[in-house]
Structure formats: C-alpha cells, structure tokens
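# Working through the structure, step by step
Read off the chains here:
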Amino acid sequence: MKTIAFIGLGAMGKPMAVNLIKAGYSLTVFDICTEAVRELTGLGATGAATLPEAARGRDIILMSLPNDAIVENVLTAGDGLLSASHPGQIIIDVSSVTPGHTQRMAKAAGSKGVNYLDAPVSGGVSGAAAGTLTIMVGGEAAVFEQCREIFQVIGQKVYHVGPVGAGDTLKLVNNLLLGINMAAVAEALTLGVKAGLDPKLMLEVISVSSGRSYALEAKVPNFILKGNFAPGFAIDLQHKDLAMAIQTGRELGLQLSMGNAAQDLYREAQDQGLGKKDISAVITLLENLAGVSVRA
C-alpha cells in the first residue's frame, strides 16, 4: 500500500485525511495548525515538523490548501515539498486554483521528475467527511490509474477529465454555474414574493419545472426558507471561485458577462459583512431592496 503525505488539514483536508487513515494508509501529515496535526496523530498518522520531512520518501503527496499563492509557496519555496521530492513521486492537488497556475506547478514538479495531478473536489465538508466527494482529475491517465484507489477512498464519483489543468477548469465551470444560478434563484424568488406569491409554492412548482437547479432545490428549503445562512458553501469561497473563472476567461480572451454580474452581488454581500455566510445569504441583499422576506 502506498505511503502518503497529506498537507493542509483544514475544513476539507482533515476529513479526507481521516478517511485515508481509516482505510489503512500510512499517512504523514503537516499543517501550520499544530492542533490539527495532534488530532490526526491521535488517530494513527505521523506528524511532520517541516514540509521536506513530510515529503521525503513518500509515494504520494496530497495538498488541500486555500489558494494558489500558498500552493506555490508550499511546493517551490527553498524549504518546500519539491526540495525533498524524488523522481516518480506523485503530487495530487485537491485545492481549488486556476488551471494556468496548476500547469505552472506541474512544470516545476516535472523538472524534478515528479508527476502532478490536479484533483479539485465538489461536495463540501459533509461530502469530505462521508467520503462521497465528486473528484475531477487532470493529468496523465497512467498516473491517475496509480492513484485511483486513493481517490475512491475520499470520493464516490471520480472522473479523469483530461490533461493537467483540466480538473481545475471543470471545477471552475461547475462553480461558475453554481454562483450564477444562486444569484438567479435569489433574484427570481424575491420578484415572486414582491408580486404576492408564496415562496413554498414557488419552490414546489419550480422544482418540477424548467427553472429547477441545485441552487433552488438545495438552498431554498434548507437555507432561505428557514432563514438559516450558516455555511454550507461560504460567500467568500464563491467569490474566490468566480474570480478564478473570470481570470481564466480573460486569459482565454473570453468575457464572462453573467459571471461578472454574479460576482458583483457576492462582492456586495462581502461588503455587508456576509462573507462567512452561505451563498444563499445573497438573497438578503435583494430582500432589503424589495422590502420583502422570502421565508416559509
């Protein structure tokens, strides 16, 4: 069984690492949060004091990190992972970053003979804990196959979607749609209530009509109608993903008009102090403008 280093034990990384331990993998963990490392060592992992210590001699390195700047520093700094990597090692990045950044990191890894897969996930913290994530993997097919069993521990639906960067691209496409759909649902329901419709009735009818979407079916009954905006998927994260999609579009010479419009709404929500709330909380901005409440 392959030995694994897991870098980044945050909200998503920690439950993925726990599932790998439960599956019997030899896991070395590193995080700047020493409490998270202690928690995992208590479950059977080995704690590493430095990134080179974590990387040295491991077959596979998994990273779950907040943004591309941190990914780059963790990999390429003088005391980063690549300083102790070896030819044939595999790095899997499950972070959400831009495809252009992933391709640059893969090139840096390749110069050391290290293989690189981008494998962003969808399914949230609950999916990470349950091992039911959807995983979109970019990279060489042969390298993907070497890691398939690991992906099947942390996820339920695993797709090899193309070369390095393709996983990140598909994740951005998915989250671009989510961000736009959520903004559209908030706007449409606010219009309906302003015009005198019952929000529960709108949910029932639209859920079996052509306007249905994940944003409608997951976020309206569980968040909006209850007035419960604890994430979930936070506005700060959605804004970040939209920014990455817009940046990628710009690099490809494509203007994402609806993405830009949705991003403006999430940015306004951040300005109103809602950044840590679930993305469904954007409806409160529209409710305030309309003078209505979309609640059960």
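Quick look at the structure, then. (Residues numbered from 1 in each chain as written. Predicted model: local features only at pLDDT ≥ 70, side-chain atom pairs only at ≥ 80, totals over all residues. Heavy atoms only, no water.)

### Here we look at the layout of surface pockets
We count it as follows: In this analysis, the protein atoms alone were mapped onto a 1 Å grid. Cavities are point sets where a 1.4 Å probe fits without being able to get out; pockets are open sets with protein on both sides within 12 Å along at least five of seven lines; lining residues have an atom within 4 Å of a point. Grid points are joined across faces, edges and corners, and a volume is the space filled by probe spheres set on the points. Think of it as three bins: nonpolar holds Ala, Val, Leu, Ile, Met, Phe, Trp, Tyr, Cys and Pro, charged holds Asp, Glu, Lys and Arg, and polar takes everything else, Gly as well.
In this structure, the largest pocket encloses a volume near 1,400 Å³. For the lining of the largest pocket, the residue count by class is 26 nonpolar, 17 polar and 5 charged.

### Quick word on unusual backbone geometry
Spelled out, the test is: The secondary structure listing takes helices from DSSP runs of H or I that are at least 4 residues long and strands from runs of E that are at least 2 residues long, numbered from the N terminus.
The peptide bond linking Pro231 to Gly232 adopts the cis configuration, its omega dihedral lying at 10°. Relative to the helices and strands, Gly232 resides in the loop between helix H10 (214–224) and helix H11 (235–251).

### Some thoughts on helix H12 (residues 257–271)
What counts is decided by this rule: One less than the number of residues in a helix, times 1.5 Å, gives the span that helix is expected to have. In this analysis, two residues are considered to be in contact whenever any of their non-hydrogen atoms come within 4.5 Å of each other.
End to end, H12 covers 21 Å across 15 residues, agreeing with the expected 21 Å (1.5 Å per residue, within 8%). Buried-residue contacts for H12 involve helix H8 (166–194), H11 and helix H13 (283–290). At the C-terminal side of H12, Gly273 shows a positive phi close to 80°.

### Here we look at the side chain of Asp278
Our working definition: Polar contacts here mean pairs of N or O atoms no more than 3.5 Å apart (in protein, one a potential hydrogen donor and the other a potential acceptor; neighbouring residues in sequence count only if both atoms are side-chain atoms).
Assignment of secondary structure puts Asp278 in the loop between H12 and H13. In this structure the side chain of Asp278 is engaged in a polar contact, spanning 2.9 Å, whose partner is the backbone nitrogen of Phe233. Every residue in contact with Asp278, bar those within four places of it in the chain, is listed here: Lys219, Phe223, Phe229, Ala230, Pro231, Gly232, Phe233, Ala234 and Ile235.

### Some points on a nonpolar patch on the surface
Put simply, the test is: The patches reported here contain residues having more than 30% relative accessible area and no salt bridge. Joining distances are 9 Å for like charges and 5 Å for nonpolar side chains (Val, Leu, Ile, Met, Phe, Trp, Tyr). Note on areas: Shrake-Rupley with a 1.4 Å probe; residue coverage comes only from the protein chains shown. When a carboxyl oxygen of Asp or Glu lies within 4 Å of a side-chain nitrogen of Lys or Arg, that pair is called a salt bridge. Remark: exposure states derive from per-residue accessible area (1.4 Å probe, protein chains only) relative to the maximum for the residue type, with buried under 20%, exposed over 50%, and partly exposed in between.
Taken together, the side chains of Leu170, Val173 and Leu177 present a nonpolar region at the surface, about 250 Å² in accessible area. For Val173, the position within the fold is in helix H8. Residue class for Val173 comes out partly exposed when judged on its relative accessible area of 42%.

### A closer look at the pairing of strand S1 (residues 3–7)
What counts, and what does not: Strand pairing requires that DSSP identify at least two bridges connecting the strands. Whether a crossover is right-handed depends on one test, that the path from the first strand over the helix to the second runs clockwise when the strands point away from the viewer.
A large share of S1 lies buried, amounting to 4 of its 5 residues. Bridge count for S1 against strand S2 (residues 26–30) is 5 bridges, and the pairing is parallel. Residue pairing in the sheet places Ile4 in a bridge with Leu27 of S2. After leaving S1, the chain enters helix H1 (residues 13–22) and then returns to the sheet as S2, a path that is right-handed. Relative to strand S4 (residues 60–63), S1 runs parallel, the two sharing 4 bridges. Within S4, the position partnered with Phe6 by the bridge is Leu62.

### Description of the pattern of salt bridges
Inspection of every chain in the model, using the stated rule, returns 7 salt bridges. Asp236 is the partner of Lys276 in a salt bridge, and the nearest nitrogen-oxygen pair spans 3.2 Å. Of this pair, Lys276 sits in the loop between H12 and H13 while Asp236 sits in helix H11, and the two are 40 residues apart along the sequence. With a relative accessible area of 65%, Lys276 lands in the exposed category. Residue Arg267 is joined to Asp264 by a salt bridge in which the shortest nitrogen-to-oxygen separation is 2.9 Å. Here Arg267 and its partner Asp264 are both found in helix H12, 3 residues apart, which amounts to about one turn of the helix.

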